[in-house]
Amino acid sequence: MTASVLPRGVLAGLLLLGSVVTPASALDRGQPPPQALGTGPNFSVLRTPDYAGRILVVTFWASWCGPCLNEMSVLERLQQEAGDQLAVVSVNIESLARFREVRRVLSKRLSLTLAHDGDGSVRKAWGVGPIPHMFMIDHEGRVAYEHRGYGNDFIPALVDEVNELLRRQAHPDPASTP
């Protein structure tokens, strides 16, 4: 398998307004994340093992959060560039009625998976407080990166991290396999 490396030139098209990115530590890097991802289309239960072998980006958001919406646009573009090697699941933390309303609008322009955390249990399991809050899960199902907040200055680092995960997926380290 060859890795799709995202061009750094894609950054110009990704620049959006947002808040400052700060380091986070809710989940330990290198450990498996919680399996729960919320409820997806048609009330299907989404779980991290559903994305085994792929890079998974999980982000928590709400429609009233401007930086969250900006981040989702960037993640949509990254998912399009990386193809089926990358999956994005955006977990909404609002009421079901509000989520349905927003999903109806967003699903017309976004292909990433929109999930819902109806009772807050997914958010709690992942250790999420303020939003946006993003996790990158590598192809082996382990937490690779975690970010709280969003800002234009974060986009180059995000692209670099995705590229690193794509390279690791295409050329796994034999020392890391049991």
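The structure this text deals with has already been given above.
Residues numbered from 1 in each chain as written. Predicted model: local features only at pLDDT ≥ 70, side-chain atom pairs only at ≥ 80, totals over all residues. Heavy atoms only, no water.

This paragraph deals with the environment of S44. With respect to the helices and strands, S44 occurs in the loop between strand 2 (36-39) and strand 3 (45-47). In the structure, S44 is positioned 71 residues away from A115 in sequence and 9.3 Å away in space, judged by C-alpha atoms. What S44 contacts, discounting residues up to four positions off in sequence, is G38 and T39. (Helix = DSSP H or I, 4+ residues; strand = E, 2+ residues; numbered from the N terminus. Contact = heavy atoms within 4.5 Å.)

Okay, the pattern of salt bridges next. Counted according to the given criterion, the structure contains seven salt bridges. Where D138 meets R168, a salt bridge forms, and the shortest distance between an N and an O atom there is 4.0 Å. Highlighted residues: D138 in the loop between strand 7 (133-137) and strand 8 (143-148) and R168 in helix 5 (residues 155-170), separated in sequence by 30 residues. Of the residues examined, D138 reaches a relative accessible area of 5% and is grouped as buried. Between E140 and R142 there is a salt bridge; the shortest N-O distance is 2.4 Å. Among the residues examined, E140 registers a relative accessible area of 31% and is labelled partly exposed. Classification of R142 by relative accessible area gives partly exposed; the value is 27%. Linked by salt bridges that have partners in common, D138, E140, R142, E164 and R168 make up one network. (Salt bridge = Lys/Arg side-chain N within 4 Å of Asp/Glu carboxyl O. Buried < 20%, exposed > 50% of the residue type's maximum accessible area, 1.4 Å probe, protein only.)

Counting across every chain of the model gives four aromatic pairs. In textbook terms, an aromatic cluster arises when at least three aromatic residues are bridged by ring pairs, as seen for F60, W126 and F135. (Phe/Tyr/Trp six-rings, centres within 6.5 Å; stacked < 30°, edge-to-face > 60°.)

This part covers the packing of helix 2 (residues 66-82) against helix 5. Each pair of packed helices can be described by the angle between their axes along with the distance between the axes. Viewed as axis vectors pointing N to C, helix 2 and helix 5 meet at an angle of 30 degrees, and their least axial separation amounts to 12 Å. Of the possible angle classes, the one that applies to helix 2 and helix 5 is roughly parallel. Between helix 2 and helix 5 lies a crossing whose hand is right-handed. Here helix 2 contributes V74, L75, L78 and A82 to the contact with helix 5, which in turn contributes I155, L158, V159, V162 and L166. Considering only residue class, the contact of helix 2 with helix 5 consists of nine nonpolar, no polar and no charged. (Axes fitted to C-alpha atoms, helices over the stretch in contact; angles between N-to-C directions. Parallel < 35°, antiparallel > 145°, perpendicular 65-115°, else oblique. Left-handed = near helix turned anticlockwise from the far one by under 90°. Nonpolar A, V, L, I, M, F, W, Y, C, P; charged D, E, K, R; others polar.)

By themselves, these are just geometric observations and shouldn't be taken as functional.
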